[in-house]
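What the coordinates show
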Amino acid sequence: MVVLKGQALSGERNFYSKDETLKKILVDVLPADFLEYADRELSSFGRLAANEIDERARHTDREGGPKLEKYDRLGEDISHVWVNEGYKKTVSETYATGIVGYVHKEIPEIGRKGNYVYSFAQGYLLSQSEPGFYCPVTLTMATAYLLDHFADEEVKARFLPHVCATEDVELFEGATFLTERQGGSDVGANEVKAVESESGYHLYGEKYFASNAGMAGVAMVLARIEGAPEGSRGLTLFAVPWRVDGKLNGIKIRRLKDKLGVRAVPSGEVEFDGAEAFVVGDPAQGLKYMMEALNLSRICNGVASIGIMKRALDEAAEYAGRRTAFGRKLTDFPMVQDSLMKLRAKQEFETAAIFDLITLYDRITSGEASSEEQVLNRLLIAILKKESAEQAIHFSHEAIEMHGGNGYIEDFVTPRLLRNAQVLTVWEGTANILGLELIRLVNKFSAHEVFGRHLMGRLNKLAATADVEVVRCKLKELQGELTTFAGFEADLQTFEAKILMQKMAQLFENVVALEWAEKHGGVYVPLAEIFTEMTWNTRELGAEMKTVKYFGYVMGG
């Protein structure tokens, strides 16, 4: 077994060095040579993210956000997006790590391609300081996925090396432009049209919420070829370069959005006026392709969420350990110990659950998964994206509470965490949209039965304990509810979907918690007990205070 030794440099923070859960995930998943490489690189990136990138993120959020320079001095529309120099450095340093590129090409030092587990480990560290920039990284990951999986060789050769650049060629960041003013989540209502000429296709129309506008080198855009059917089936996927021969490719930015959070990423309203565009894949499958990329983006969303959760917990615990009130440290008070321990249990096992999903996703993208695993993958993406995004907001709120008045002051990171967390419930599909995904999966693929078999199979491999029996009973109860749900008429299904998704996420995470307790022991044993107790509210008034009993052992370790 490889022993992971990454440590923080003296006097500096490092998001990776003390994250034993992330290290255990990597040990379980990565081959030995890859593991040694990942440990070294993540230790370096964890230090960078916790220090320089974090300081740049603070500057970008407060006063250095992107700005649209609409016209030059002669009045020509240049639609140039200005970003500060620190942001540019973060862009350069992050992509150089291969956070996108090494999913699709060989890592020179070890002679093998990377995978999504390693990429998302990088994203998890980055999101603890700069989830706003992780959005462009997400878009670039989605762009690389679409080009690699669906583009013909000519289009792939034109764009993919640049999208996967690791300082070897010019970097093209990516973007995925779906949303139009009249449609929003109803992509089938999109109106951007593609007109064919002797020189190829050219796009006309507007995208109303286009993130990474002005920074992307190539955007993946859904448009309707003239004469194509109405609705979602008539949409074709195009790769659209931002510039051609150094000039804007028939693209203008009307304005940048003034957003609540994730201010690092420029999100704008983009107009196409004859933009040169290249068909990606089968012209009749555009929406299907984009939905596959959307699932990848939803995992990225979950990774950003657990990154924010980890930072919020760390900030709350550190502050509580320093702050004195009424002659005692905050961490001496049982109510504070209870809050921190419950956050810790949720954060650890939600992180483990999302990386469990990512391990499955690596099997999906490599073509190794069964049809049942493909259904499970889509289901887990939907339920864990929803749960983690909501928890990111909750954790940010709890961190502010722990800081008291200081938590509301911009000298601390907590306001930025809350602003950045809020968008995660919206981007890549709101809870309502994810509820519709559950309904589709249940009605078309009996996903509820797949889910039940999968979790029961994992529970049956665990040694019998009281907590295992609690979870087994809860799973049987949920299986009955899901079977009933599958027989409901459409309106009632939409009414009930979200609460069932929450129960499914909690059960999945609880099974993961029990597995970690059995396999790894140590602090994961009391944390799994606490997770089960708080999730299903099994503690009676006046009973043993497990969160207090184990606080020193877990939080002091």
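Residues numbered from 1 in each chain as written. Predicted model: local features only at pLDDT ≥ 70, side-chain atom pairs only at ≥ 80, totals over all residues. Heavy atoms only, no water.

1. A word on the packing of helix α11 (residues 431-445) against helix α12 (residues 447-459)
- Packing of α11 against α12 leaves a shortest axis separation of 6 Å and a crossing angle of 90 degrees. The angle between α11 and α12 falls in the class roughly perpendicular. Across the interface between the two elements, Leu-441, Val-442 and Phe-445 from α11 touch Ala-447, His-448 and Val-450 from α12.
- Residues that form the contact of α11 with α12 fall into these classes: five nonpolar, one polar and no charged. (Axes fitted to C-alpha atoms, helices over the stretch in contact; angles between N-to-C directions. Helix = DSSP H or I, 4+ residues; strand = E, 2+ residues; numbered from the N terminus. Parallel < 35°, antiparallel > 145°, perpendicular 65-115°, else oblique. Contact = heavy atoms within 4.5 Å. Nonpolar A, V, L, I, M, F, W, Y, C, P; charged D, E, K, R; others polar.)

2. A few points about the packing of helix α14 (residues 490-520) against helix α15 (residues 524-536)
- Running from N to C, α14 and α15 point in directions that differ by 160 degrees, and their axes come no closer than 8 Å. Judged by the angle between their axes, α14 and α15 are roughly antiparallel. Both α14 and α15 take part in a crossing whose hand is left-handed. Seen from α14, the contacting residues are Lys-503, Gln-506, Leu-507, Glu-509, Asn-510, Ala-513, Leu-514, Trp-516, Ala-517 and His-520; seen from α15, they are Tyr-524, Val-525, Ala-528, Phe-531, Thr-532, Thr-535 and Trp-536.
- Classifying every residue of the contact of α14 with α15 gives 10 nonpolar, five polar and two charged. (Left-handed = near helix turned anticlockwise from the far one by under 90°.)

3. Focus on the pairing of strand β9 (residues 235-241)
- Along β9, seven of the seven residues are buried, which leaves the element largely enclosed by surrounding structure.
- Every second residue of β9 is oriented toward a common face, with Leu-235, Leu-237, Ala-239 and Pro-241 on one face and Thr-236, Phe-238 and Val-240 on the other, all of them buried.
- When strand β8 (residues 216-225) meets β9, the two strands line up antiparallel, connected through seven bridges. Bridge pairing in β9 places Val-221 opposite Phe-238.
- In the sheet, β9 pairs with strand β13 (residues 267-279) via two bridges, with the strands oriented antiparallel. Note on β13: the bridge partner recorded for Phe-238 is Val-279. (Buried < 20%, exposed > 50% of the residue type's maximum accessible area, 1.4 Å probe, protein only. Pairing = 2+ DSSP bridges.)

4. Some points on the nonpolar core
- The biggest cluster of nonpolar side chains holds 184 residues, and the ones touching the most others in it are Phe-120, Tyr-134, Leu-203, Phe-238, Phe-272, Phe-355 and Phe-451.
- Of the residues forming this core, the biggest block, 16 residues, is contributed by helix α7 (residues 286-322).
- When near neighbours in sequence (up to four residues on either side) are disregarded, Phe-355 contacts Leu-22, Ile-25, Val-117, Phe-120, Ala-121, Tyr-124 and Ile-306. (Core = buried A, V, L, I, M, F, W, Y, C linked by side-chain atoms within 4.5 Å.)

5. Here's the deal with the UniProt feature "domain: Adaptive response protein AidB N-terminal" (unreviewed entry) in the protein chain
- Per the UniProt record, "domain: Adaptive response protein AidB N-terminal" (unreviewed entry) is annotated on residues 12-165.
- Spanning residues 12-165, this segment combines 62% helix with 10% strand, and its end C-alpha atoms are found 29 Å apart. (UniProt positions renumbered as here; feature names shortened; annotations may be inferred.)

6. Digging into the domain arrangement of the protein chain
- The domain architecture assigned to the protein chain consists of domain 1 (20-164), domain 2 (174-284) and domain 3 (446-556).
- Its C-alpha centre places domain 2 at a distance of 42 Å from the equivalent point of domain 3. (Domains from an automatic or database assignment.)

7. A look at the pattern of salt bridges
- One pass over the structure, following the stated rule, counts 43 salt bridges.
- For the salt bridge of Lys-156 with Glu-153, the shortest nitrogen-to-oxygen distance reads 3.8 Å. With Lys-156 and Glu-153 both in helix α6 (residues 153-163), this residue pair falls three residues apart, about one helical turn.
- Judged by its relative accessible area of 59%, Glu-153 falls in the exposed class. (Salt bridge = Lys/Arg side-chain N within 4 Å of Asp/Glu carboxyl O.)

8. Regarding α6
- Buried within α6 we find Val-155, Lys-156, Phe-159, Leu-160 and Val-163. Down the axis of α6, the buried side of the element spans an arc of 110 degrees, and every buried residue falls inside it. Turned more than 90 degrees from where α6 packs its buried face, Glu-153, Glu-154 and Ala-157 sit exposed.
- Of the surrounding elements, those touching the buried residues of α6 are α5 (131-150), β8, β9 and β13.
- Between the side-chain oxygen at the start of α6 and the backbone nitrogen of Glu-154 there is a gap of 3.2 Å, and the oxygen is on Asp-152. (Arc of directions from axis to C-beta. Polar contact = N/O pair within 3.5 Å; in protein donor to acceptor, adjacent residues only side chain to side chain.)

9. Observations concerning unusual backbone geometry
- Even without a glycine there, the phi angle at Asp-245 is positive, about 55 degrees.
- With respect to the secondary-structure elements, Asp-245 resides in the loop between β10 (243-244) and β11 (247-248).
- The phi torsion at Val-262 lies on the positive side, around 35 degrees, for a residue other than glycine.
- Assignment of secondary structure puts Val-262 in the loop between β12 (251-256) and β13.

10. As for α14
- For α14, which comprises 31 residues, the first-to-last C-alpha distance of 44 Å matches the rise-based estimate of 45 Å (1.5 Å per residue) to within 8%.
- Its axis deflected by about 45 degrees at Ala-497, α14 carries its strongest bend there.
- Where α14 begins, the side chain of Glu-489 points an oxygen toward the backbone nitrogen of Asp-491, at a separation of 3.0 Å. (Expected span 1.5 Å × (residues − 1). Bend = angle between axes of the 7 residues up to and from the residue.)

11. Looking at the packing of aromatic side chains
- Inspection of the entire model under this criterion finds 16 aromatic pairs.
- With a centroid separation of 6.1 Å and an interplanar angle of 85 degrees, the aromatic rings of Tyr-319 and Phe-412 are classed as edge-to-face. On the criterion of sequence distance, the pair formed by Tyr-319 in helix α7 and Phe-412 in the loop between α9 (371-403) and α10 (414-422) is long-range, its members being 93 residues apart.
- Since its relative accessible area comes to 27%, Phe-412 is described here as partly exposed.
- A cation sits over an aromatic face here: Lys-70 above Tyr-71, 5.9 Å from the ring centre.
- We note Arg-328 situated over the ring of Phe-333; from NZ or CZ to the ring centre the distance is 4.5 Å. (Phe/Tyr/Trp six-rings, centres within 6.5 Å; stacked < 30°, edge-to-face > 60°. Lys NZ or Arg CZ within 6 Å of the ring centre and 35° of its normal.)

12. Here we look at the pairing of strand β7 (residues 200-211)
- Relative to β7, strand β6 (residues 193-197) runs antiparallel, the two sharing five bridges. Paired with Val-195 across the bridge in β7 is His-202.
- The antiparallel pairing of β6 with β7 creates a hairpin that spans two residues between the two strands.
- Bridge count between β7 and β13: nine bridges; the pairing is antiparallel. Each residue of the ladder has a partner; that of His-202, found in β13, is Glu-276.

13. Some words on the side chain of Asp-61
- If you trace the backbone, Asp-61 turns up in helix α2 (residues 32-62).
- Excluding residues that lie within four positions of it along the chain, Asp-61 makes contacts with Arg-263, Arg-416 and Arg-419.

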